[in-house]
Amino acid sequence: MDGIRKITPYIPGAQPDFEDMIKLNTNENAYPPSPKVLEALEKADYRQLMRYPSLTNHELKEALAETYGLQTDQLIIGNGSDEILAFCFLAFFNSRKPVLFPGMTYGFYKVWADLFHVPYQEIPLQSDTFEIVPTDYFKENGGIIIANPNAPTGIELSKNDIRRILAENPDVVVVIDEAYCDYGDESVVDLIAEYHNLVVTHTFSKSRSLAGIRLGYAMGNAKLINVLEAVKSSFNPYSVDKLAEVVGTAAVEDQSYYQEKNALICQTRDRFSEELAKLGFQTLPSKTNFVLTTHPQADAADLFRYLESRHIFVRYFKSPAVLENYLRISIGTESEMATVIQVIQTYLQDIL
Ligand SMILES: *Cc1c(COP(=O)(O)O)cnc(C)c1O
């Protein structure tokens, strides 16, 4: 038939559902949301659910504005940061010049570029270290999007390197996807005051334990955010439901709970990386809640299936080819990661 679109979709990690499973395949948080979130949900007035939700998300914007030292017109809320990032492609990447992003990064960037007919160029990572090379982004382009820390490598680019990329590209929008910044060294949100071309996106799905509620936001100067609001209004003005706003606001207001849990996850991650090293794994230096790891004598696909048969779910990427022998393992609780180490140890004893 004529006029039917062919699409190669993004393939999210599976959502298996076993009572005894250890789920480490989609970088969800190991811990439940703050108890204050449950309290807020219990107090929410279900009788108001016959009304459409807020168009402005003012309550949640106020809480976020206070947290980051911004004005509410420097913030837009969406149905997960995936929605906000898709809006960024529609709002900012309309040049005929290619949008630049790393050759290995969040797989959705390429999917959106194709979906919205945005020309793009993938910039290879440094081949030995898997690092982003800032100077590769000093050339003509129609916009830049970088996940920082990057996924699935887990490696963080310094604030100074982001600053250089912003300064070299004053005429295009540079989107920094900080989905994992709470597990890293520093956010670049404070550079918004200095660089009119910077948009930073965050999600509630990882460090705020709310992947199930679908909330994300972007921050930038009011002019750019206004364009994002116009795209949102042209697509789905009510994309954030009433309960999501209630839950999200409670989460933002309980910073201390999340700071404690984030620190715990970073500790578990570093300990897990050390244990992997003792077993002969080579693990990239992660600033996220996952690690990308490889073993010189073990076949990653085989280990993946072995773990799966024991209801331990991790992520194996068939492409790009360089990831063929890597596994991406999200960081769970201390006891979950201790079990994973035991199971991997048994596997290695069997094959080596
Ligand atoms: C998880 C993730 C997102 C998407 O987050 P949602 O808010 O759940 O849509 C965006 N970017 C990166 C790099 C991620 O890992």
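Conventions adopted
- Residues numbered from 1 in each chain as written.
- Predicted model: local features only at pLDDT ≥ 70, side-chain atom pairs only at ≥ 80, totals over all residues.
- Heavy atoms only, no water.
- UniProt positions renumbered as here; feature names shortened; annotations may be inferred.
- Helix = DSSP H or I, 4+ residues; strand = E, 2+ residues; numbered from the N terminus.
- Polar contact = N/O pair within 3.5 Å; in protein donor to acceptor, adjacent residues only side chain to side chain.
- Contact = heavy atoms within 4.5 Å.
- Phe/Tyr/Trp six-rings, centres within 6.5 Å; stacked < 30°, edge-to-face > 60°.
- Buried < 20%, exposed > 50% of the residue type's maximum accessible area, 1.4 Å probe, protein only.
- Axes fitted to C-alpha atoms, helices over the stretch in contact; angles between N-to-C directions.
- Parallel < 35°, antiparallel > 145°, perpendicular 65-115°, else oblique.
- Left-handed = near helix turned anticlockwise from the far one by under 90°.
- Salt bridge = Lys/Arg side-chain N within 4 Å of Asp/Glu carboxyl O.
- Domains from an automatic or database assignment.
- Buried area = accessible area lost by both parts, 1.4 Å probe.
- Pairing = 2+ DSSP bridges.
- Disulfide = S-S within 2.5 Å.

- An unreviewed UniProt entry lists the protein chain under the name Histidinol-phosphate aminotransferase, with Vagococcus acidifermentans as the source organism.
- A UniProt comment under Cofactor (unreviewed entry) is attached to the protein chain, and it reads "pyridoxal 5'-phosphate".

**Digging into the side chain of K159**
Okay, so step 1: Along the chain, K159 falls in helix α5 (residues 159-168).
Okay, so step 2: Among the polar contacts listed, one links the side chain of K159 to the side chain of D190, at a separation of 2.9 Å.
Okay, so step 3: When neighbours within four sequence positions are excluded, K159 is seen to be in contact with E186, S187, V188, D190 and L191.

**Things to note about the packing of aromatic side chains**
Okay, so step 1: In the structure shown here, the tally under the stated rule is 21 aromatic pairs.
Okay, so step 2: Between Y10 and Y106 the ring centres are 5.5 Å apart and the planes differ by 65 degrees, which places this aromatic pair in the edge-to-face class. One end of the pair, Y10, is in the segment before β1 (22-23); the other, Y106, is in the loop between β3 (99-102) and α4 (108-115), with 96 residues separating them in the sequence.
Okay, so step 3: In this structure Y10 comes out as partly exposed when scored by relative accessible area, which is 24%.
Okay, so step 4: Between Y106 and W112 the ring centres are 6.4 Å apart and the planes differ by 70 degrees, which places this aromatic pair in the edge-to-face class.

**Examining the packing of helix α2 (residues 58-68) against helix α7 (residues 242-253)**
Okay, so step 1: Two numbers describe how α2 lies on α7: the axes approach to 9 Å, and their chain directions differ by 15 degrees. Classified by the angle between their axes, α2 and α7 sit roughly parallel to one another. The two elements α2 and α7 cross, and the hand of that crossing is left-handed. Of the residues in α7, those in contact with H58, E59, L60, A63, L64 and T67 of α2 are E245, G248, T249, V252 and E253.

**Focus on the pattern of salt bridges**
Okay, so step 1: Under the definition given, this model contains 14 salt bridges.
Okay, so step 2: R47 is the salt-bridge partner of D45, the closest N and O atoms lying 3.2 Å from each other.
Okay, so step 3: A relative accessible area of 55% means that R47 is categorised as exposed.
Okay, so step 4: For K110, the salt bridge identified is with E122, shortest N-O distance 3.8 Å. Note that K110 is positioned in helix α4 and E122 in strand β4 (residues 120-123), a separation of twelve residues in sequence.
Okay, so step 5: Look at E122 and you get partly exposed, because its relative accessible area is 33%.

**Topic: the domain arrangement of the protein chain**
Often, the extent of an interface is quoted as the loss of accessible area on bringing the components together.
Okay, so step 1: Domain boundaries in the protein chain define domain 1 (22-32 + 256-351) and domain 2 (35-253).
Okay, so step 2: With 26 residues of domain 1 in contact, the opposing surface of domain 2 contributes 25 residues.
Okay, so step 3: Summing the contributions of domain 1 and of domain 2, the shared interface buries around 1,900 Å²; its carbon and sulfur component is 65%.
Okay, so step 4: Where domain 1 meets domain 2, there are one salt bridge.
Okay, so step 5: Between D185 and K287 there is a salt bridge, with the nearest N and O atoms lying 3.1 Å from each other.
Okay, so step 6: At the boundary of domain 1 with domain 2, the tally comes to nine residue pairs in polar contact (both at pLDDT 80 or more).
Okay, so step 7: Contributions of two or more residues to the side of domain 1 that touches domain 2 are made by α8 (255-278), β10 (290-294) and β12 (326-330).

**Remarks on α4**
Okay, so step 1: Considered for burial, the residues of α4 that qualify are F108, Y109, V111, W112 and A113.
Okay, so step 2: Where α4 is buried, its residues touch α3 (80-92), β3, β4, β5 (144-147) and β6 (174-177).
Okay, so step 3: Phi turns positive one or two residues past the end of α4, at H117, with a value near 55 degrees.

**Here's the deal with the pairing of β12**
Okay, so step 1: Among the five residues of β12, five are classified as buried, and the element is accordingly described as predominantly covered.
Okay, so step 2: Burial along β12 is two-sided: Y326, R328 and S330 and L327 and I329, pointing in opposite directions, are all buried.
Okay, so step 3: Looking at chain direction, β10 and β12 are connected through five bridges and run antiparallel. Across the sheet, the residue bridging to F290 is S330, located in β12.

**Section: the sheet that holds strand β9 (residues 282-283)**
Okay, so step 1: Taken together, three strands build an open sheet; the order of strands is β9-β10-β12 and the sheet is antiparallel. Each having just a single partner strand, β9 and β12 make up the two edges of the open sheet.
Okay, so step 2: In this sheet, β10 lies alongside β9 in antiparallel orientation, the contact comprising two bridges. Residue pairing for β10: T283 is matched across the bridge by T293.
Okay, so step 3: In the packing of α8 onto the sheet, contacts are made with β9, β10 and β12, and the angle to β10 comes to roughly 10 degrees.

**A few points about the state of the cysteines**
Okay, so step 1: Scanning the model with the defined rule gives zero disulfides in all.
Okay, so step 2: You can see C88 has no disulfide; the closest cysteine sulfur is in C181, sitting 15 Å from it.
Okay, so step 3: Note on C88: relative accessible area 0%, which makes it buried.
Okay, so step 4: Lacking any disulfide linkage, C266 is separated from the closest cysteine sulfur, that of C181, by 11 Å.
Okay, so step 5: By relative accessible area, C266 is classed as buried at 16%.

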